[in-house]
Structure formats: structure tokens, C-alpha cells
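Below are the chains, spelled out letter by letter.
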Amino acid sequence: SRTRSPTAKKSGSATGNIAANDAAARELAERRKLARAAAAWAFENKVGSKAALKDEQFKDSGLTYNMVQPLLKELKEGGTKQRVDAPRDHHCQVLTNAERVKLAEWIMGCAAGQVPKDRTEISAKVKEMLRARNAANKRRKWRGGCIRLNDQEVVVVQSREPQLTHTFFQRFYPWCRAHGIQIDTGVERSQDEKRAAKMTEATVERHFHGEFGLEAELIDAGVMDPVTKVIADPRRVLNSDETPQPIDAPQKGRRPKLGKAQGKTVRKATTTSKETASVNMAWDLSGFLYGVQLVLKLKELHNGLVAKPPPGAPCFDDQVDLARKQMRTCTLSRTSDGMQTQESFIQYLEQLDREITAHSDAAVAADGEPIERPVVLCLDNHASRYSEEVLKAASGQSSRLGIRLFTEEPQTSGFLQSLDQYNATFHRRYNQGRDTYKAAYKARYKVDCTSYGMVEFIKVLAGDAELGLPGVWFSWANPFDIVTAWRRVGIAGNVLAPECIDRREFIDQPAAAGSSASPARSTTRKRAADLAKTPDGMVSGSLESEKAKVARLKEHAEELEALLDAPFDPTAAGGPVADAAKR
């Protein structure tokens, strides 16, 4: 729309004016609602717009003649029958109210289906809807419930610009929110197409209640009661996952433009390291955090990797801390590329088995209950889980390690694995610890830390006595965070609760209340020639048959008239259908 509304204000920053724009849109919607009431009052009392504005109920409402008169004129043109479609809040508005609602539902439906639309695609849909309305008007021969394109809509349809003006979007979204539609704009988050296609109710059902689902696995392992479906000991349900941690990678973001010679590439010398370590961690359903495994790309392990934290600070001393619900162990594994392999994974399983035993012994020593075996370890589908040695050691009721592996479907860890809900917190805490280390280094030695590698990575995780810094590993997650992460993936306390999973990004979203499209009218057309045939059981040419023919033809004519006079339905005229990622 190119016409400036009475309450529209010049926009400053997009983020700073959202609340102001919404408030203005709500005020405008209320004022236009009041203007319609004034026009209806004037029409009912057979007076003009000026007389309506002088009435007590509209006198000091802020309404103007130009706001009421077009609406009153619209009522008069409709005769005694008031128009039921109330097409627009403003006569210069692009898209009718019904079309705007359908457009908003389409935008949100596409976003829910993980095919979000940008302004260019939304603009193309607006033009498509306007052309569909114009084609419907032509079919009706501009009669009945036709809503003609106004001047602004004609300009939009004829424009060759791929995107509508900024003003349209600046007014469209506040208009929707003022009419109770919860819509907003934002920046998309990249989502792998295969992962997106897995985000469905069927995936959740298979994961929890399928033939080889989590419930069946827990019951078979003796962890869950088959009748009450309650997990007797949450310590027997664990989750393990690796996450790659860049040692000293620069922060993401747009790189600034630099001066350089024409036609030459430019490079900048930095002190950052592109090395990456795989951090393998595990915790159980009770909130207990087990030790960490660091998979490093090193030719050999050396004494420099042994951390010395400050006195009194937590350290990797292979002890069980029941008060903080932690196992303070660190396992270093060396691989050719710094990623988990079948050999390093079996090494980790053996270490985890020893940690579970130590945890159980510590609980018994504190007058608690031992941890029965086997335990169920939930994992993703990484190739390192499927070596012959791993399957022999950790599968079946009598496995050597007393650990049973339960692997999720591929591409589902983002919403079915508890550690995936909290990995970002670990990265954030590590980055904070790295920055603190560098600042402390500069304060101590009066020079920048120009050499930051695997040794410094270990110091940040485990602590450094020289700089007086405790390790970030011992504080990055607490029991409450761990239990919360389990609840996000559908395990609340000691029961399976799939309803706790956030489904806002699922492809198969349930229909929102009040957003279902009106059922399309029947497109079955009756041929007049068929209706004019002699009805079965009657004599052709008789008075009785002729009366029956006339009655049928009259009924058909009334149906056609009702169809022509019906309000324009953007859905029936080829309204927008939301796109969704293919499964």
C-alpha cells in the first residue's frame, strides 16, 4: 500500500519500533471498528456521516468524515442488505481482510513446515492472490460478491519489481498482530533437510513405543516396570554424546572488508588455532555427570597435557563427588583425525563401566542403594558404535560390560537426545573460560597469549594453578540442568513423557484453533439439459412432468444466483497452501 494511514509513523530501526508499530496498528484497528459502527448507525438512522459524528457516542472518538463516509457509501450501494464480507479496514488497503488472514496462515504454515518464505516469495504470493481474485471477478462478470481491485492493488499486480515496498510489510505484520494473529519476522536457522524430515509425530512414536523403541528396551533390560511403566532407578538410564570443540576458532560473523591490491588475494596472520577436539560426555537420568573423554589429534600423549588446578579447586582425581553429583575423571584418547573411532569408543565404554561401578560403590558406602546392571546407554548412530568388539561388549542381557546400547534413529538427536539440548552451553562456557585464560595470561605476563593449543585447552577445562583459574568442566552443568535436558526429550523424572518434547519445529504441526480454512464449495455443476429431461416415472409432455421440470430448473437458478452473490472466498479462488519439507 502506498497511501499513508492516519496513525502510521515514519519507521526508524526495525527492532526499536516493533512495539510502537503494534500499538499504532491496534489503535488503528479499534478506530476503524468504531468507524464501521458509526457508518452502520448512520445507515440505520438514515442520516449522513456528519450527523453520525455529531452523535454523543461518536463525538469525541477521533473519527473523521473521510473515515466514515466511504463505509457509509459502501452500505448504501449494498441496499438494505449489509455486506457480510467487510472486505477492508481501509479503502486503500492491499489485500482484503480475509486475504490477509489467509496470507498470514500461509506464511506461518510454511515456517512450521520448515520452508520459511522471504519477502520476495511473500510478494509473489500477494500478486498471485490478487490475480486469482481478479480472475474470479471475471468469471462472475463483476456481479454479486465481487471485490474489485483498488488502485493500489492494480499497481502491485502490474509492477515488475520482485518485492513489494517496505511499507507494505511494515504495516502488514502489525495489522495481523492487531487482529489476534501471532506472526513475526526473524532470521532463519539452518536445518539439515534430512534432520528436518525426521521431526514428526511418527518418529517420536517409533522412538518411545515402537517394537524396538525405548520403552521396549527399558522393560527388556529390567530398568522399567512392565505394568506401571515406571523407571525404578534413574541412575540406570544414561546418555552419551560427542561434540566437536574448536580449540581457539575465531567467532563467527561477517568479515570486514580490507584494503588490498587489485586482483590480489589478501591473507591475515592470526594467532588462533583451527585444531578441534572431540569432547565425549555422559550423564544419567538422576542428574549425575560422569567423566569426560577427550579425543585428540596428536602423535603421542605427553606430560604437558596433565593439568594442575589451583589448591582447593576440583580436579580430575578419579573420585566420585556425590554432593555435586560428578565423577571427576578424564580419559585422553588419540586418533588420526581427532574424531571418535571404534577403538577409542570401546576404550571409553570400558572407562565408563569402571565409573559406574565406582559410583555404585560410593552410593553403598554412603548408605545408599547400589546400581544394578545392566544399565541402558542412549546414543546416536555414529559408525563407532557398530564394531564387532563394541557389540560383543555392550549388547544383550549378559554383556561383558553390563551396559546395553540403545541407539536413536539417524538424524533425530536434535530433539531426542538430552545432551544435544545442552551442548551449546558447554561451548559457551568453554569460550568464556578461554577468553578468561587469555586475559589472565596477559595480566600475569604482560604479553598476549600468542600460542594457544591443546595444552591450553586442557588447562581451561581442568584448571591452571599458575593463573589461579579453576576448570570449566566442573561447573558447566549442574544436576538441575541435566534433569531439565532429559525432560526436553520426553523423559520426566522416572517416566516416559513424549508430550514434553517441543513440537514447534515439527513438520506435521497440529492445526491451530480457528485457522482451518472454510470448506470449499462443491464444484459439481448441474447441466440444464439434464434437469429439463422428463423425470423418471412420469409421462413426457404431461402437466405433472412439466411442473417437476420447472421446479428443478428454478432450484438450480437459485443456486447459481446464491453462488454469484456469495462473498469472495480467497481459498476457493486458489488461496495459498502452505509448503512443507518433504518427508
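Conventions and cut-offs
- Residues numbered from 1 in each chain as written.
- Predicted model: local features only at pLDDT ≥ 70, side-chain atom pairs only at ≥ 80, totals over all residues.
- Heavy atoms only, no water.
- Helix = DSSP H or I, 4+ residues; strand = E, 2+ residues; numbered from the N terminus.
- Buried < 20%, exposed > 50% of the residue type's maximum accessible area, 1.4 Å probe, protein only.
- Areas by Shrake-Rupley, 256 points an atom, 1.4 Å probe, with all protein chains shown as cover.
- Expected span 1.5 Å × (residues − 1).
- Contact = heavy atoms within 4.5 Å.
- Core = buried A, V, L, I, M, F, W, Y, C linked by side-chain atoms within 4.5 Å.
- Phe/Tyr/Trp six-rings, centres within 6.5 Å; stacked < 30°, edge-to-face > 60°.
- Lys NZ or Arg CZ within 6 Å of the ring centre and 35° of its normal.
- Pairing = 2+ DSSP bridges.
- Axes fitted to C-alpha atoms, helices over the stretch in contact; angles between N-to-C directions.
- pLDDT = per-residue confidence, 0-100.
- Salt bridge = Lys/Arg side-chain N within 4 Å of Asp/Glu carboxyl O.

Trainee: Explain the overall build of the protein chain to me, using residue names and the numbers behind them.
Mentor: Along the protein chain, the regular secondary structure elements total 18 helices and twelve strands. For the protein chain, buried positions account for 42% of its 583 residues. Accessible surface, the protein chain: about 32,700 Å² in total, of which carbon and sulfur atoms supply 52%.

Trainee: Go over unusual backbone geometry with me, naming the residues and quoting the values.
Mentor: The omega angle of the peptide bond from Arg-373 to Pro-374 is 0°, so this bond is cis rather than trans. Along the chain, Pro-374 turns up in the loop between helix H11 (342–365) and strand S7 (375–379). If you check the backbone angles, Asp-367 has positive phi at about 65° while not being a glycine. Examined against the element boundaries, Asp-367 turns out to sit in the loop between H11 and S7. In this model, Gln-411 sits at a positive phi of 65°, which is unusual for a non-glycine residue. With respect to the helices, strands and loops of the structure, Gln-411 is situated in the loop between strand S8 (403–407) and helix H13 (413–416). Accessibility expressed as a relative area gives 30% for Gln-411, which makes it partly exposed.

Trainee: Help me get a handle on helix H4 (residues 97–112), residues and values and all.
Mentor: Within an α-helix, residues lying three or four positions from one another point in the same direction, as the helix has 3.6 residues per turn. Between the first and last C-alpha of H4 there are 23 Å, a value that for 16 residues agrees with the 22 Å anticipated at 1.5 Å per step. Taken residue by residue, H4 has Asn-97, Glu-99, Arg-100, Lys-102, Leu-103, Ala-104, Trp-106, Ile-107, Cys-110 and Ala-112 as its buried positions. Packing partners of the buried residues in H4 comprise helix H5 (119–139) and helix H7 (166–178). Gln-114 sits one or two residues past H4 and shows a positive phi near 60°.

Trainee: Talk me through the nonpolar core; I want residue IDs and the actual numbers.
Mentor: Core analysis: the largest hydrophobic core is formed by 55 residues, its most contacted members being Leu-218, Trp-283, Phe-457, Trp-473 and Trp-476. Per-element tally for this core: the top contributor is helix H15 (residues 454–462), with five residues. Counting 23 residues, the second-largest nonpolar core is a separate cluster that includes Leu-95, Leu-164, Trp-175 and Ile-181.

Trainee: Outline the packing of aromatic side chains, listing residues and values.
Mentor: Evaluated as defined, the whole model comprises 18 aromatic pairs. Arranged with centres 5.4 Å apart and planes meeting at 70°, the rings of Phe-415 and Phe-506 form a pair that is edge-to-face. One end of the pair, Phe-415, is in helix H13; the other, Phe-506, is in the loop between strand S12 (495–496) and helix H17 (528–531), with 91 residues separating them in the sequence. Accessibility assignment for this pair places Phe-415 and Phe-506 in one class, buried. Site record: aromatic cluster; members linked through ring pairs are Trp-283, Tyr-422, Phe-426, Trp-473 and Trp-476. Between the NZ or CZ atom of Lys-50 and the centre of the ring of Tyr-65, over which it lies, the distance is 5.8 Å.

Trainee: How would you explain the sheet that holds S7 if you had to name every residue and give the values?
Mentor: Paired through their backbone hydrogen bonds, the strands of a sheet run either parallel or antiparallel. If you trace the six strands from one edge of the open sheet to the other, you get S6-S3-S2-S1-S7-S8, paired in mixed fashion. With partners counted over all chains shown, the strands left at the sheet margins are strand S6 (330–334) and S8, one partner each. Neighbouring strand axes in the sheet, compared pairwise and without regard to direction, differ in orientation by 25° on average. Pairing of strand S2 (residues 276–284) with strand S3 (residues 292–296), which is carried by three bridges, proceeds in the antiparallel orientation. From the neighbouring strand, Val-279 faces S3, where its bridge partner is Leu-294. Sheet contacts for H11: strand S1 (237–246), S2, S3, S6, S7 and S8; angle to S8, the most-contacted strand, approximately 125°.

Trainee: Break down the confidence of the model for the protein chain for me, citing the residues and quoting the values.
Mentor: As a general rule, the predicted coordinates of low-pLDDT regions are not to be interpreted in detail. Taken as a whole, the protein chain shows an average pLDDT of 82; of its residues, 81% reach a score of 70 or greater. Element-level mean pLDDT values for the protein chain span from 71 in helix H8 (residues 193–198) up to 96 in S12. Contacts of residues 80–85 to residues separated by more than four positions or lying in other chains number eight contacts, the stretch itself having pLDDT below 50.

Trainee: Describe the pattern of salt bridges, with residues and values.
Mentor: Oppositely charged side chains can pair when the atoms bearing their charge come close. Summed over all chains, the structure comprises 26 salt bridges. Between Lys-198 and Glu-409 there is a salt bridge, with the nearest N and O atoms lying 2.8 Å from each other. Taken together, the residues span a long stretch of sequence, with Lys-198 in helix H8 and Glu-409 in the loop between S8 and H13 at a distance of 211 residues. By relative accessible area, Glu-409 is classed as partly exposed at 23%. Notably, a salt bridge pairs Asp-353 with Arg-373, separated by 2.6 Å at the nearest N-O pair. Taken as a pair, Asp-353 in helix H11 and Arg-373 in the loop between H11 and S7 lie far apart in primary sequence, 20 residues in all. The network of salt bridges with common partners includes Asp-248, Arg-434, Asp-435 and Lys-438.

Trainee: Can you lay out the environment of Ile-183 for me, pointing to particular residues and giving the numbers?
Mentor: Looking at the secondary structure, you find Ile-183 in the loop between H7 and H8. Ile-183 sits 76 residues away from Ile-107 along the chain, and the two C-alpha atoms are 8.5 Å apart. When neighbours within four sequence positions are excluded, Ile-183 is seen to be in contact with Ala-104, Ile-107, Met-108, Tyr-173, Cys-176 and Arg-177.

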